[in-house]
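The chain contents come next:
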Amino acid sequence: LTVPVLLLAMFPALRPPAWEWIALGLTTPVALWAAWPFHRAALANARHRVGTMDTLVSIGVLASYGWSIVLLVSGDAHHHGSYVEVAAVLTGSILLGRHLEARARGRARSAIQALLELGAKQVTLIDELGHERSVTIDQLGIGQRFVTRPGERIATDGVVESGSSAVDTSMLTGEPVPVDVRTGDPVVGATVNTTGRLVVRATRVGADTKLAQITRLVAQAQAAKAPVQRLADRIAAIFVPIVLALSVLTFAGWLAVGGSGTQAMYAALAVVVIACPCALGLATPIALLVGTGRGAQLGILVRGPEVLEATRTIDTIVL
């Protein structure tokens, strides 16, 4: 609905008769229904006497939409234009950004899921009599022995009780050359046994394994806020009241110097609309989510957003 409104506002050759009313009709569901999350958040903030970026968006959308109706009904829209496209484009652009952020979060969750998928699903247990039986990984307990044959993933963290082999630990260390292990050596779950048969005694299972810890760290990194995001949140508490006050002063100032009510309203609306710092609020979380998610896919663990932000100061990497 926003796209045709934008085209009608920007390209006069496309305008049919009474195009302002057509644009208003297209904008109405955008400004009142699609923008409802902003209005709801603004109301909740107002009850707590705080202001956020949602407050600016809600006021900008409703003021643009309401003033456009006033101009159309009074007939002034033909002389002064209307702000109807602002209400639609402001809502549409921010919702598009949030959609992209949601998609980025989905990809990040997929990266975490891919880490979890690295773990073994089945394990071959050995009982006290030496009999082998296959069970699901959740039935494996600490202290139990299990067999890992060549080509299989080691079921969980443990210590080699018998056998020797070369283990591919690249999912954990990035090292492409398999590591030789023998009796008494520790092994890590989800690494791949490449050559020999190993009997391993489990020392950590479930959420205590290294794979689970890595997955948890990635999830925490994606849920945490970077310093620049926390700064934006702190600024918003001061920034929003200042913007609203400036808008009121702008309106009063235009009237004081002899401007018309329409000119004063245009200037006041411009202050509110332009003050919405959409780039910081949307670009920062998307960049952090994509960065940590892509890193996880490539086997690079980012311990937190502050670490990712600090990488801009790196000038030397030692391998």
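Structure's up top.
It should be emphasised that the depicted structure is a prediction, and the values quoted were computed from it without experimental measurement.

Rules behind the numbers
- Residues numbered from 1 in each chain as written.
- Predicted model: local features only at pLDDT ≥ 70, side-chain atom pairs only at ≥ 80, totals over all residues.
- Heavy atoms only, no water.
- Pairing = 2+ DSSP bridges.
- Helix = DSSP H or I, 4+ residues; strand = E, 2+ residues; numbered from the N terminus.
- Buried < 20%, exposed > 50% of the residue type's maximum accessible area, 1.4 Å probe, protein only.
- Salt bridge = Lys/Arg side-chain N within 4 Å of Asp/Glu carboxyl O.
- Core = buried A, V, L, I, M, F, W, Y, C linked by side-chain atoms within 4.5 Å.
- Contact = heavy atoms within 4.5 Å.
- Axes fitted to C-alpha atoms, helices over the stretch in contact; angles between N-to-C directions.
- Parallel < 35°, antiparallel > 145°, perpendicular 65-115°, else oblique.
- Left-handed = near helix turned anticlockwise from the far one by under 90°.
- Nonpolar A, V, L, I, M, F, W, Y, C, P; charged D, E, K, R; others polar.

Explain the sheet that holds strand β2 (residues 132-136) here, please?
Strand pairing in a sheet is mediated by backbone hydrogen bonds. Such pairs are either parallel or antiparallel. Taken together, 6 strands build an open sheet; the order of strands is β2-β1-β3-β9-β4-β7 and the sheet is antiparallel. Looking at strand neighbours, the two that pair on one side only are β2 and β7 (186-187), the edges of this open sheet. Direction of pairing for strand β3 (residues 145-148) relative to strand β9 (residues 198-204): antiparallel, over a ladder of 4 bridges. Within β9, the residue paired with Val147 across the bridge is Val199.

Sorry if this is basic, but what is going on with unusual backbone geometry here?
Leaving glycine aside, a negative phi is the common case for residues, and trans is the common case for peptide bonds. Of note in the backbone geometry, Ala18 takes a positive phi value of approximately 55 degrees without being a glycine. Looking at where Ala18 falls in the secondary structure, it is placed in the loop between α1 (2-10) and α2 (19-34). Classification of Ala18 by relative accessible area gives partly exposed; the value is 45%.

What should I look at first to understand the pattern of salt bridges in this one?
Opposite charge on two side chains permits pairing when their charged atoms draw close. Applying the stated rule across the entire model yields 6 salt bridges. Here Glu132 makes a salt bridge to Arg197, at a shortest N to O gap of 2.6 Å. Of this pair, Glu132 sits in strand β2 while Arg197 sits in the loop between β8 (192-193) and β9; the two residues are 65 residues apart in sequence, bridging distant segments of the chain. Exposure remark for Glu132: the relative accessible area of 37% places this residue in the partly exposed category. A relative accessible area of 42% places Arg197 in the partly exposed class. Via salt bridges that share partners, Glu132, Arg149, Glu152 and Arg197 belong to a single interconnected network.

When you look at the nonpolar core in this model, what are you seeing that I'm missing?
If you look at the biggest cluster of nonpolar residues, it comprises 24 residues, and the most contacted ones within it are Ala23, Leu56, Val57 and Val61. Looking at this core, the elements with two or more residues in it are α1, α2, α4 (53-74), α6 (84-117) and α9 (227-256). Beyond its immediate chain neighbours, meaning those up to four positions away, Val61 contacts Ala31, Ala35, His39, Ala87, Leu90 and Thr91. Membership of the second largest hydrophobic core comes to 15 residues, among which are Phe146, Ala155, Val181 and Leu198.

How should I be thinking about the pairing of β3 in this particular structure?
The side chains of a regular strand alternate, residue by residue, between the two faces of the sheet. In the sheet, strand β1 (residues 122-126) pairs with β3 via 3 bridges, with the strands oriented antiparallel. For Leu125, the partnering residue across the bridge sits in β3 and is Phe146.

Looking at this model, I keep getting lost on the packing of α2 against α4. Mind explaining?
Packed helix pairs are characterised by how far apart their axes lie and by the angle those axes make with each other. Across the interface, α2 lies against α4 with an axial gap of 11 Å and an inter-helix angle of 155 degrees. In terms of axis orientation, α2 runs roughly antiparallel to α4. Where α2 crosses over α4, the two elements pack in a sense that is left-handed. In contact with Glu20, Trp21, Leu24, Thr27, Thr28, Ala31 and Leu32 of α2, α4 contributes Val61, Leu62, Tyr65, Ile69, Leu72 and Val73. Residue composition of the contact of α2 with α4, by class: 10 nonpolar, 2 polar and 1 charged.

Just to check I follow, could you spell out the sheet that holds strand β6 (residues 179-181) for this structure?
Strand order in the open sheet formed by 3 strands is β6-β5-β8, with antiparallel pairing between adjacent strands. Of all the strands in the sheet, just β6 and β8 have a single pairing partner and so form its edges. In terms of strand pairing, strand β5 (residues 165-168) meets β8 through 2 bridges, oriented antiparallel. The residue of β8 that forms the bridge with Asp168 is Val192.

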